[in-house]
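The chain contents come next:
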Amino acid sequence: MAGPVPEMEARAEACAERLREADRVLLASHIDADGLTSAAVAATALERAEIPFETAFAKQLDETEVRKIAATEYDTVLFTDFGSGQLDVVAPHEEADEFTPVIADHHRPADAETEYHLNPLLFGIDGASELSGAGASYVLARALETEGVDNRDLAALAVVGAVGDMQNSEGGLHGANAGIVEEGVAAGVLEEATDLVLYGRQTRPLPKFLEYASDVRIPGISNDANGAVRFLSDLDLDLKEEGDWRRWVDLTMDERKTLVSALMRRAIASGVPADRIESLVGTTYTLTAEEEGTELRDVSEFSTLLNATARYERADVGLAVCLGNRDGALESARTLLRNHRRNLSEGLQWVKNEGTTVEDHVQWFDAGTRIRETIVGIVAGMAVGSGGISRDKPILAFAEKSDSEVKVSARGSHVLVREGLDLSAVMREASRAVGGDGGGHNVAAGATIPKGREDEFVAEANRIVGDQLG
């Protein structure tokens, strides 16, 4: 396939051969949008290859979780969207002949080795921006193809995973991800276009579409319901149908151009920086097999729907939607999505009201039990740049995980990464310094630490970030 280097494809072939040799496979995956799509891609490929398997999900792959997996008596375990960062925990079970791990992941590997390890970082491909966990699973799925089987249709889910992992944050997917997009387009399951990149193009009525656009804030429109209606009403366009506002997807190309031009003029007149205005337009991805006007048609909306399932202990619902269930599972996912949006909105408002504590090199907030530990990282990312919260320092977000543990999520920016920030190293080193563990990507990472050690963690993280950024 286009994208990954030949060495990675060769490793994928070796991993695929090991899976074919197995009597049965345990498929273990992470629970966010990238994890769910990773599992769906792998599950479909295993089924098509006629390899018996069972699926399990985990919020975190730690020593306790790995011991549970070892106790299942599966000889072969396929880890998707995690496993690399926990190699030092996983690999000893291979040495003890308990199970053979096959890993399709994109996170920073721990200091250990295993034979069947498919990770873009091992082949010079950036796992934070060029290939997601679902992308690694897709490379494996292509290697699992047998005569008469074409897994290129799984590119659609791989792109949902990449976008859910924020790998399109600089205007579109690139690197190995772009190769997957090409295959999806060739297979007829994806459509790539240049368009307005605001969230909700398929489902939101135009006033809400503009009002809730948070990436680029335009005074008098963003977070202003009346202002968004006034802006649309002043355009020489018929934007209602039988009294109801139309959606972006309902507009003709000429209508879209007129609206975008007016939006650009308003942004310029309001003093929005040129680079922010340019980011209003970018590359969009549409799943052509899905019904128009639904959350599943647009890659960004699909990924948000998935995030709303597993983060509320319903990974089974998200996986079912990925695998094509358009009845009960989809309705359950939509109910969870409404709840998810409400929780995100309330969490974001709390952070805006409370603000962050600013150190020399990081900023942080402690939500305690006010924000679920499964969504505190999303809230942290949304908060950056809003309500006076700086974009110039990485943000650390704490939330209670249990009576004895605290979840920490960290978010940075690609600008800071280019200056030397690596939050994966920050989370791993700072958490281990206080008796916890963590890891992730250079731009986004997480950790679990003992309750009561938060101040020490902040001090250590602040020191490490200071060293990284010079």
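Residues numbered from 1 in each chain as written. Predicted model: local features only at pLDDT ≥ 70, side-chain atom pairs only at ≥ 80, totals over all residues. Heavy atoms only, no water.

1. Observations regarding unusual backbone geometry
We note that Glu73 has phi near 70°; this positive angle belongs to a residue other than glycine. Here Glu73 lies in the loop between α3 (63-70) and β3 (76-80). Looking at Glu73, the relative accessible area reads 64%, which means it is exposed. One non-glycine residue, Met166, lies in the positive phi region at around 65°. Here Met166 shows up in the loop between α6 (155-164) and α7 (176-186). (Helix = DSSP H or I, 4+ residues; strand = E, 2+ residues; numbered from the N terminus. Buried < 20%, exposed > 50% of the residue type's maximum accessible area, 1.4 Å probe, protein only.)

2. A short note on a negative patch on the surface
A surface patch of negative charge is lined by Asp238, Glu241, Glu242 and Asp244. Along the chain, the position of Asp244 falls in strand β8 (residues 244-245). (Patch = residues over 30% accessible without salt bridge, like charges linked within 9 Å, V, L, I, M, F, W, Y side chains within 5 Å. Areas by Shrake-Rupley, 256 points an atom, 1.4 Å probe, with all protein chains shown as cover. Salt bridge = Lys/Arg side-chain N within 4 Å of Asp/Glu carboxyl O. Lys, Arg positive; Asp, Glu negative; His and termini not counted. Charge placed at Lys NZ, Arg CZ, Asp CG, Glu CD.)

3. Side note on the nonpolar core
In this structure, Leu19, Leu78, Leu140, Val159, Phe302, Phe365 and Ile371 are the most contacted members of the largest nonpolar core, which totals 88 residues. If sequence neighbours within four positions are ignored, Phe302 has contacts with Leu157, Val160, Leu287, Glu290, Glu295, Leu296, Val321 and Cys322. The next biggest cluster of nonpolar side chains, apart from the first, holds 24 residues, and it includes Val216, Ile221, Leu232 and Trp248. (Core = buried A, V, L, I, M, F, W, Y, C linked by side-chain atoms within 4.5 Å. Contact = heavy atoms within 4.5 Å.)

4. Topic: the packing of aromatic side chains
On inspection of all chains with the given rule, the structure shows six aromatic pairs. Ring plane angle 65° and centroid distance 6.2 Å describe the contact between Trp350 and Phe365, whose orientation is recorded as edge-to-face. Placement of the pair is Trp350 in helix α14 (residues 328-354) and Phe365 in strand β11 (residues 363-366), with a sequence separation of 15 residues. The pair formed by Trp350 and Phe365 is uniform in burial state, with each residue classed as buried. On the basis of an interplanar angle of 85° and a centroid distance of 6.0 Å, the ring pair of Trp364 and Phe398 is categorised as edge-to-face. With Trp364 in strand β11 and Phe398 in strand β12 (residues 395-400), this residue pair connects regions lying 34 residues apart in the sequence. Across the pair, Phe398 and Trp364 agree in class, each one buried. Among the aromatic residues, ring-to-ring pairing joins Phe79, Phe82 and Phe99 into one connected group. (Phe/Tyr/Trp six-rings, centres within 6.5 Å; stacked < 30°, edge-to-face > 60°.)

5. Looking at the domain arrangement of the protein chain
When the domains of the protein chain are assigned, the result is domain 1 (6-195), domain 2 (197-346) and domain 3 (355-469). Taken together, the contact pairs 13 residues of domain 1 with 13 residues of domain 3. The largest contributions to the domain 1 side of the interface with domain 3 come from Gln60, Arg108 and Ala128, which together make up 42% of the buried area. With its nearest N and O atoms 2.8 Å apart, the salt bridge here joins Asp422 to Arg108. (Domains from an automatic or database assignment. Buried area = accessible area lost by both parts, 1.4 Å probe.)

6. As for the UniProt feature "domain: DHH-CID" (unreviewed entry) in the protein chain
The sites that carry the UniProt feature "domain: DHH-CID" (unreviewed entry) are, in the present numbering, residues 198-281. Overall, residues 198-281 shows 44% helix and 6% strand. The separation of its end C-alpha atoms is 8 Å. (UniProt positions renumbered as here; feature names shortened; annotations may be inferred.)

7. Points about helix α10 (residues 253-269)
Between the first and last C-alpha of α10 there are 24 Å, a value that for 17 residues agrees with the 24 Å anticipated at 1.5 Å per step. Residues of α10 that are buried include every one of Glu255, Arg256, Leu259, Val260, Ala262, Leu263 and Ala267, and no others. With its buried residues spanning 165° around the axis, α10 presents them on a single face. Residues of α10 that are exposed and angled more than 90 degrees away from the buried face: Met253, Asp254, Lys257, Arg265, Ile268 and Ala269. On its buried face, α10 sits against β6 (190-196), α8 (206-211), α9 (225-233), α11 (274-278) and β9 (281-287). Just past α10, the residue Gly271 takes up positive phi, approximately 80°. (Expected span 1.5 Å × (residues − 1). Arc of directions from axis to C-beta.)

8. Points about the sheet that holds strand β13 (residues 405-411)
Strand order in the open sheet formed by six strands is β10-β11-β12-β13-β15-β14, with mixed pairing between adjacent strands. A strand with exactly one partner marks an edge of an open sheet, and here the two such strands are β10 (357-358) and β14 (437-440). Direction of pairing for β10 relative to β11: antiparallel, over a ladder of two bridges. Looking across to β11, one finds that Val358 is bridged to Gln363. Relative to β13, helix α15 (residues 376-383) is tilted by about 35°, and along the sheet it contacts β11, β12 and β13. Set on the sheet, helix α18 (residues 454-468) makes contact with β11, β12, β13 and β15 (444-450); between it and β12 the angle comes to about 160°. (Pairing = 2+ DSSP bridges. Axes fitted to C-alpha atoms, helices over the stretch in contact; angles between N-to-C directions.)

9. Let's talk about α15
What α15 keeps buried is the set Val376, Gly377, Val379, Ala380 and Ala383. Burial along α15 is one-sided: seen end-on, the buried residues are contained in an arc of 160°. Looking at the packing, one finds that the buried side of α15 touches α14, β11, β12 and β13. Trailing α15 by a residue or two, Gly385 shows a phi angle of about 90°, which is positive.

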